[in-house]
Amino acid sequence: MDESRLCSLSTLSEPFRSAVIWLRHVLDEKNIPVMLWETGRTAQRQRFMYEGGSSRAEPGESPHEFGFAADFVIDSERCETGRMVWHSESGSSRWVPFHFDCQSPRAIATWRRFGDQVERCSLIWGGNWKPLSKEGIGWAYTHVEMPGWRTYKPKSPKETRKRDLDKTLCEKTILLRT
């Protein structure tokens, strides 16, 4: 089973890709310390996430599979986060930054600022989805998706990539003609 996490703008579909590029620019301008963590997903990765309880969307129903969602995490080099114990295969363990922190005061402030900017970019922030934590942040606080993504959803993720490839070829042809 392919459980690999993809983190590339090339796995996102237009117009969401352009929106994420703009969002990243805004986040940098506002000095909000988050970084892109996961973009597109294969059906196998979505199944892994669903069966592991990290996603509520069944395979074939996640906007990640069609290039219309992205997940972000706190950049622990730019923001102090909570810590977690990491156990290695050798049996040793150590404390490491917790990029998914949503309980420390700095992390809560970061996620709220992040959510505000996501919404200002007219995207949907999973941090508003219920149930909310006692801090008032929804369960999918790392998640951003395009509103109405299902209207763009092709019959299969493969078709999304073909549509983007066709669009790119068309744009290159136009450039060659000018």
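All values derive from a computational prediction rather than experimental measurement. Numbering of residues starts from 1 in every chain and runs along the sequence as written. pLDDT decides what is reported in this predicted model: residues at 70 or higher carry local features, side-chain atom pairs at 80 or more are listed and counted, and totals for whole chains, interfaces and linings draw on all residues regardless. Note that the side-chain values use all heavy atoms of the structure and ignore hydrogens as well as water.

Moving on, we get to the overall build of the protein chain. Helical segments are the DSSP runs of H or I of at least four residues, strand segments are the runs of E of at least two, and each set is numbered from the N terminus. When you go through the protein chain residue by residue, the secondary structure sums to five helices and six strands. Reading the secondary structure of the protein chain in the N-to-C direction produces α-β-α-β-β-β-α-β-β-α-α. Buried residues in the protein chain amount to 39% of all 178 residues. The contact criterion used throughout is that any non-hydrogen atoms of two residues lie within 4.5 Å. The long-range share in the protein chain, meaning contacts at least 24 apart out of those at least 6 apart in sequence, stands at 63%. To sort residues, take the accessible area from a 1.4 Å probe on protein chains only and compare it with the maximum for the residue type: under 20% means buried, over 50% means exposed, and anything in between is partly exposed.

Moving on, we get to the packing of aromatic side chains. Think of it this way: a Phe, Tyr or Trp ring, Trp meaning its six-membered ring, pairs with another when their centres are within 6.5 Å, and the plane angle makes it stacked under 30 degrees, edge-to-face over 60, tilted otherwise. This model, assessed by the stated rule, comprises six aromatic pairs. A ring pair is formed by phenylalanine 66 and tryptophan 149, whose centres lie 6.1 Å apart and whose planes are at 25°; its orientation type is stacked. In this pair, phenylalanine 66 is assigned in the loop between helix H2 (43–51) and strand E2 (69–74) and tryptophan 149 in helix H4 (residues 149–152), connecting sequence segments 83 residues apart. With relative accessibility at 2%, the residue phenylalanine 66 sits in the buried group.

Per-residue confidence for the protein chain averages 80 on the pLDDT scale, and 71% of its residues sit at or above 70. This model gives residues 165–178 a pLDDT under 50, and the stretch forms one contact once residues within four places in sequence are excluded. Values of pLDDT, ranging from 0 to 100, describe the predictor's confidence in every residue of the model.

Residue proline 15 follows glutamate 14 across a cis peptide bond; omega there is 10°. Looking at where proline 15 falls in the secondary structure, it is placed in the segment before helix H1 (16–29). Residue proline 131 is reached from lysine 130 by a cis peptide bond, and omega for that bond is 5°. Among the secondary structure elements, proline 131 is positioned in the loop between strand E5 (124–125) and strand E6 (143–145). Even without glycine at this site, asparagine 31 takes up a positive phi of about 55°. Among the structural elements, asparagine 31 can be located in the loop between H1 and strand E1 (34–38). With a phi angle near 60°, serine 122 is a residue other than glycine that sits in the positive phi range. When its relative accessible area of 53% is taken as the criterion, serine 122 is described as exposed.

Our next topic: the nonpolar core. In terms of nonpolar packing, the biggest core is built from 28 residues, with Phe16, Leu23, Phe72, Trp111, Phe114 and Val144 touching the most fellow members. Among the secondary structure elements, those contributing two or more residues to this core are H1, E1, E2 and helix H3 (105–120). Residues in contact with valine 144, not counting those within four places in the same chain, are Phe16, Leu23, Phe68, Ala69, Ala70, Asp71, Phe72, Phe114, Val118, Leu123 and Ile124. We call a set of buried Ala, Val, Leu, Ile, Met, Phe, Trp, Tyr and Cys residues a nonpolar core when their side-chain atoms join them within 4.5 Å.

Once that is clear, we can look at the sheet that holds E1. Taken in spatial order, the four strands line up as E1-E2-E6-E5 in an open sheet, and their pairing is antiparallel. The open sheet has two edge strands with one neighbour each: E1 and E5. Inter-axis angles, ranging from 0 to 180 degrees, are taken between N-to-C directions of lines fitted to C-alpha atoms, where helices are fitted over the stretch in contact. The strands touched by H1 within the sheet are E1, E2 and E6, with E2 carrying the most contacts at an inclination of about 20°. Note: two strands are recorded as paired if DSSP finds a minimum of 2 bridges between them.

With that settled, the discussion passes to H2. Within the span of H2, buried status applies to Arg45, Gln46 and Met49. All buried residues of H2 project into a common sector of 100° when viewed along the axis, lining one side. Buried positions along H2 lie against E1. Positive phi shows up at glycine 53, right after H2, with a value of about 85°. Relevant arc is that of directions from the helix axis to the C-beta atoms, nothing else.

Where H1 meets H3, the axes come as close as 10 Å, and the angle between the chain directions of the two elements is 135°. On the basis of the axis angle, H1 is oblique to H3. Crossing of H1 over H3 shows right-handed handedness. Between H1, through Leu23, Val26 and Leu27, and H3, the contact on the second element is made entirely by Phe114, Gln117 and Val118. When the residues that make up the contact of H1 with H3 are grouped by side-chain class, the tally is five nonpolar, one polar and no charged. Here roughly perpendicular refers to angles of 65 to 115 degrees, roughly parallel to angles under 35, roughly antiparallel to angles over 145, and oblique to all remaining angles. Helix crossings get a hand from a simple test, with the near helix turned counterclockwise from the far one by less than a right angle marking a left-handed crossing and a clockwise turn marking a right-handed one. Note on residue categories: nonpolar means Ala, Val, Leu, Ile, Met, Phe, Trp, Tyr, Cys or Pro, charged means Asp, Glu, Lys or Arg, and polar means any other residue, Gly included.

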